[in-house]
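Residue-level structural notes
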Amino acid sequence: MKTVSIENLIYGLKSISDDRFTCDNVYQHLGDNPIDVDSISKYFFWRPDFYTRNLIYKDKRFELMAVCWETGQASVVHNHADQKCWMTVPVGRLRGQNFAVNDLDEAKNYCKLTEADTFELSDCLAAKVELEQPIHQILNLPEYGARAVSIHIYSKPFNRCLAYSRETDTYKEVELCYYSIGGKPISRSI
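So, how was this worked out
Sequence order as written defines the numbering, with residues in each chain counted from 1. Owing to the predicted nature of the model, reporting of local features is limited to residues with pLDDT of at least 70; listing and counting of side-chain atom pairs is limited to 80 or more, with chain, interface and lining totals taken over all residues. As a rule here, side-chain values come from all non-hydrogen atoms in the structure, and water together with hydrogens is ignored. By definition, a salt bridge exists where a carboxyl oxygen of Asp or Glu is found within 4 Å of a side-chain nitrogen of Lys or Arg. Strands here are runs of E lasting at least two residues and helices are runs of H or I lasting at least four, both read from the DSSP assignment and numbered beginning at the N terminus. For every residue, the accessible area (1.4 Å probe, protein chains only) is compared with the maximum for its type, and the residue is labelled buried under 20%, exposed over 50%, or partly exposed between those bounds. Here a residue-residue contact requires only that any non-hydrogen atoms of the pair lie within 4.5 Å. In this text, buried Ala, Val, Leu, Ile, Met, Phe, Trp, Tyr and Cys residues form a nonpolar core when linked through side-chain atoms within 4.5 Å. The arc in question is the one spanned by the directions pointing from the helix axis to the C-beta atoms. Cysteine sulfur atoms that come within 2.5 Å of each other are treated as a disulfide pair. The rule for pairing is simple: two strands pair if DSSP sees at least two bridges between them.

Some words on the pattern of salt bridges
- Under the definition given, this model contains nine salt bridges.
- Between Arg61 and Asp18 there is a salt bridge, and its shortest N-O distance comes to 2.9 Å. Taken together, the positions of Arg61 in the loop between β1 (52-58) and β2 (63-69) and Asp18 in the loop between α1 (6-15) and α2 (23-32) put the pair 43 residues apart, joining distant regions of the chain.
- The exposure class of Asp18 is exposed, given its relative accessible area of 62%.

Some words on the environment of Phe45
- Tracing the sequence through the fold places Phe45 in the loop between α2 and β1.
- On the accessibility criterion, Phe45 (16% relative accessible area) is buried.
- Each C-alpha atom, one on Phe45 and one on Tyr179, is 7.9 Å from the other, the two residues being 134 residues apart in sequence.
- Not counting the four nearest positions on each side in its chain, Phe45 is found in contact with Thr52, Asn54, Cys68, Tyr179, Ser180, Gly183, Lys184 and Pro185.

Comments concerning the nonpolar core
- Core analysis: the biggest nonpolar cluster contains 25 residues, and Ile6, Leu9, Leu13, Ile40, Ile56, Leu64 and Ile153 have the highest contact counts within it.
- Breaking this core down by element, the ones donating at least two residues are α1, α2, β1, β2 and β9 (148-155).
- The dominant element in this core, judged by the number of residues it contributes, is α1, at four residues.
- When neighbours within four sequence positions are excluded, Ile6 is seen to be in contact with Ile35, Ser39, Ile40, Tyr43, Ile56 and Leu64.

Regarding α1
- Those residues of α1 lying buried are Ile6, Leu9, Ile10, Gly12 and Leu13. Along the long axis of α1, the arc covered by the buried residues comes to 160°, so they all point the same way. Turned more than 90 degrees away from the buried face of α1, the exposed residues are Tyr11 and Ser15.
- Where α1 is buried, its residues touch α2, β1, β2 and β9.

Remarks on the state of the cysteines
- All told, the structure shown has zero disulfides when counted by the stated rule.
- Cys68 takes part in no disulfide bond, and the closest cysteine sulfur, belonging to Cys177, lies 14 Å away.
- Cys68 gets classed as buried once you look at its relative accessible area, which sits at 1%.
- The thiol sulfur of Cys161 is not disulfide-bonded, and the nearest other cysteine sulfur, from Cys85, lies at 11 Å.

Observations regarding the pairing of strand β5 (residues 93-105)
- Two strands pair when backbone bridges link them, and β5 and strand β6 (residues 110-122) are joined in this way by eleven bridges, in the antiparallel orientation. Paired with Gln97 across the bridge in β6 is Thr118.
- Hairpin connection between β5 and β6: a loop of four residues separates the two successive antiparallel strands, and Asn109 in this loop has a positive phi of roughly 55°.
- Both β5 and strand β8 (residues 136-139) contribute to a ladder of four bridges, which runs antiparallel. Residue pairing in the sheet places Gly96 in a bridge with Ile138 of β8.

Here you go:
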């Protein structure tokens, strides 16, 4: 499989015009341009307690990051603040779990979710978060037995989203932070 450097992937994304920067076009671009792992390894940082979000590139239209997952780590159930999202997994394997909203009371921050479909990601397979069903969770299941790295593209960049608790059927807005920017860990979360 022919791969491209992360720099070439970013160049290609930047060359897509605003009116063509759609879910399907970016998904196709990501699928047609699997990432060379050596070109992103300087963005790999691991923590035993939580996955890391490592910013590679950001402008007004999109941000691109490497998310590093230890075995058994999972994201909280979350949305993407009505923004488009694409991802690919050049290292390891991940599972995505989508959720459907069964009942919602915004005045009480109440939200009853049920599991919908799942999807598997590995070997640079591209995926997109559908805006019609944006609530999901990403998991590096213990049985996979290995670290994983996912590359995420968000358009437009955002720094807050909704996180959902299935135990209490509630949700709240949370602030997102990076572990590293440009391959350098940051001393405080931003």
